[in-house]
Amino acid sequence: MTANMREGLERCLLDAIDETLSLVLSERTKEAIYAHIEKHFDLRREEIPRKPDLLAICLEEIFGQAAPIVEKMILKKLYSKLGIDFEERKDWSFKDCIISAEGSVGAL
């Protein structure tokens, strides 16, 4: 995967997260969540694409049992932005789905 493709994928992921959080919550709450993640997990918004497993932990702490639903919404939006079909797999983690998307983009 080229650097430009990687940047594009990271931008799409951040956009998907932003759009999902804005859809589920308000804009102010989305910003509060980013502030919480940065303060309590030392994870800045820009670092999220390189640390999706840590984002999953953050979402679980914030949303509890609803975290998988939020993750799935983010993944569906990401896959849509990348022009690929999202296929849910029970044994895959959030990070696994993002890695799969990277592979699909790299293969295009």
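Located above this text is the structure these notes cover.
How each quantity is defined
Residues numbered from 1 in each chain as written. Predicted model: local features only at pLDDT ≥ 70, side-chain atom pairs only at ≥ 80, totals over all residues. Heavy atoms only, no water. Salt bridge = Lys/Arg side-chain N within 4 Å of Asp/Glu carboxyl O. Helix = DSSP H or I, 4+ residues; strand = E, 2+ residues; numbered from the N terminus. Buried < 20%, exposed > 50% of the residue type's maximum accessible area, 1.4 Å probe, protein only. Phe/Tyr/Trp six-rings, centres within 6.5 Å; stacked < 30°, edge-to-face > 60°. Lys NZ or Arg CZ within 6 Å of the ring centre and 35° of its normal.

**Here's the deal with the pattern of salt bridges**
As enumerated under the stated definition, the model contains 14 salt bridges in all. Of the charged contacts, one joins Glu-10 and Arg-50 as a salt bridge, the two residues approaching to 3.2 Å between their closest N and O atoms. Note that Glu-10 is positioned in helix 1 (residues 3-24) and Arg-50 in the loop between helix 2 (27-41) and helix 3 (52-63), a separation of 40 residues in sequence. A relative accessible area of 15% means that Glu-10 is categorised as buried. Note that Asp-18 is salt-bridged to Arg-45, the shortest N-O span being 2.5 Å. In this pair, Asp-18 is assigned in helix 1 and Arg-45 in the loop between helix 2 and helix 3, connecting sequence segments 27 residues apart. A single network of salt bridges, built from pairs that share partners, joins Arg-6, Glu-10, Arg-50 and Glu-102.

**What about unusual backbone geometry?**
Residue Asp-42 is not a glycine yet carries a positive backbone phi of 55°. Note that Asp-42 resides in the loop between helix 2 and helix 3.

**Considerations on the packing of aromatic side chains**
Across all of its chains, the model carries one aromatic pair by this definition. On the basis of an interplanar angle of 80° and a centroid distance of 5.2 Å, the ring pair of Tyr-79 and Phe-86 is categorised as edge-to-face. With a relative accessible area of 5%, Tyr-79 lands in the buried category. One cation-aromatic arrangement involves Arg-89 over Trp-92; the distance from NZ or CZ to the ring centre is 4.4 Å.

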